[in-house]
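Structure assessment
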Amino acid sequence: FSLFLQVTCNCFTISNGEMQDVGVGLYPSMSLLNHSCDPNCVIVFEGYQLLLRSVREIQIGEEITISYIESLMPTHERQEQLMRQYCFECDCLLCQNQDKDAEKLAGEEDAWKEVKDAVNEVRYPKSKEEWQQVLARCQDLLSRNRGSLPDSNIYQLKMLDCAMDACINLESWEEALYYGSRTLGPYSLYYPGFHPLRAVQLMRVGKLQYCQDMFPQALETLKQAYNIMKVTHGTDHSLMQALMEIKEECEAIMRIQ
């Protein structure tokens, strides 16, 4: 039980190129880093290799920090998760100011609570039929809540992400792009500056635009992803290499046209 608790407190969630969770691992030296909800560093993975990347200038003597949790939560939920899993209360400026909490829970409370429950019920589908069921549920809620929930509401945003994933798995590219495009504004709001999740989302939307021959729009979106990812991932990362390849293909097509 003691070993289990040590793993729970010190493990890192290993993610793939699109920042989707695929496992956990212990990285003893990285476990020494402290938490901030507004950290100066992020962690990305290249396979099982953990990479620590700074996302802003770090002053001499300034502590290096990472976020132990997903930041797309209101302050009280972040605090609850940190206390439950790590047994401490965060006193970073983001928590002190409760920054963006109003935007995160904007809209009618009954509506976002229903969406929150629906998002929490979704388990990763394993078949086309299950993805169709997920998409139908998303479409129903998004349609019913039109006008009562802004896309900046975090549960509405998660529902849009879920709908986008379903459409991609069902190869409904046009609809996937519709949902993905709606997420970019909220992603910019909640992941300002350099953040790997925003870079990956921009890349996904750019690829959808590219597949639908929207080359000028795709190039602009991919450039935004590139500018973030060169900081959060570095030029040698495999995801960055894939981004540069599709960006160069898009540039070549634009030159021909």
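Refer to the preceding data block for the structure.
Residues numbered from 1 in each chain as written. Predicted model: local features only at pLDDT ≥ 70, side-chain atom pairs only at ≥ 80, totals over all residues. Heavy atoms only, no water.

Turning our eyes to something else, we now look at the packing of aromatic side chains. Aromatic ring pairs are defined here through the distance separating the ring centres and the angle between the ring planes. Under the definition given, this model contains ten aromatic pairs. Aromatic side chains Trp112 and Tyr155 sit 5.5 Å apart centroid to centroid with 20 degrees between the ring planes, which places their arrangement in the stacked category. Taken together, the positions of Trp112 in helix H5 (residues 109-121) and Tyr155 in helix H7 (residues 154-169) put the pair 43 residues apart, joining distant regions of the chain. Take Trp112: its relative accessible area is 10%, and that puts it in the buried class. Residue class for Tyr155 comes out buried when judged on its relative accessible area of 4%. Cluster of aromatic residues (ring-pair linked, three or more members): Phe12, Tyr27 and Phe45. (Phe/Tyr/Trp six-rings, centres within 6.5 Å; stacked < 30°, edge-to-face > 60°. Helix = DSSP H or I, 4+ residues; strand = E, 2+ residues; numbered from the N terminus. Buried < 20%, exposed > 50% of the residue type's maximum accessible area, 1.4 Å probe, protein only.)

A few words now on the nonpolar core. Membership of the largest hydrophobic core comes to 51 residues, with the highest contact counts inside it found for Leu135, Met159, Tyr179, Met229 and Leu243. Every element with two or more residues in this core is listed here: H5, helix H6 (128-144), H7, helix H8 (173-190), helix H9 (196-211), helix H10 (215-232) and helix H11 (238-256). Counting the residues that make up this core, at least three belong to each of domain 2 (103-188) and domain 3 (191-256). Discounting chain neighbours no more than four positions away, the residues touching Leu243 are Met203, Leu222, Ala225, Tyr226 and Met229. Core analysis: the next-biggest nonpolar cluster, separate from the first, contains ten residues, Phe12, Met30, Leu33 and Ile43 among them. (Core = buried A, V, L, I, M, F, W, Y, C linked by side-chain atoms within 4.5 Å. Domains from an automatic or database assignment. Contact = heavy atoms within 4.5 Å.)

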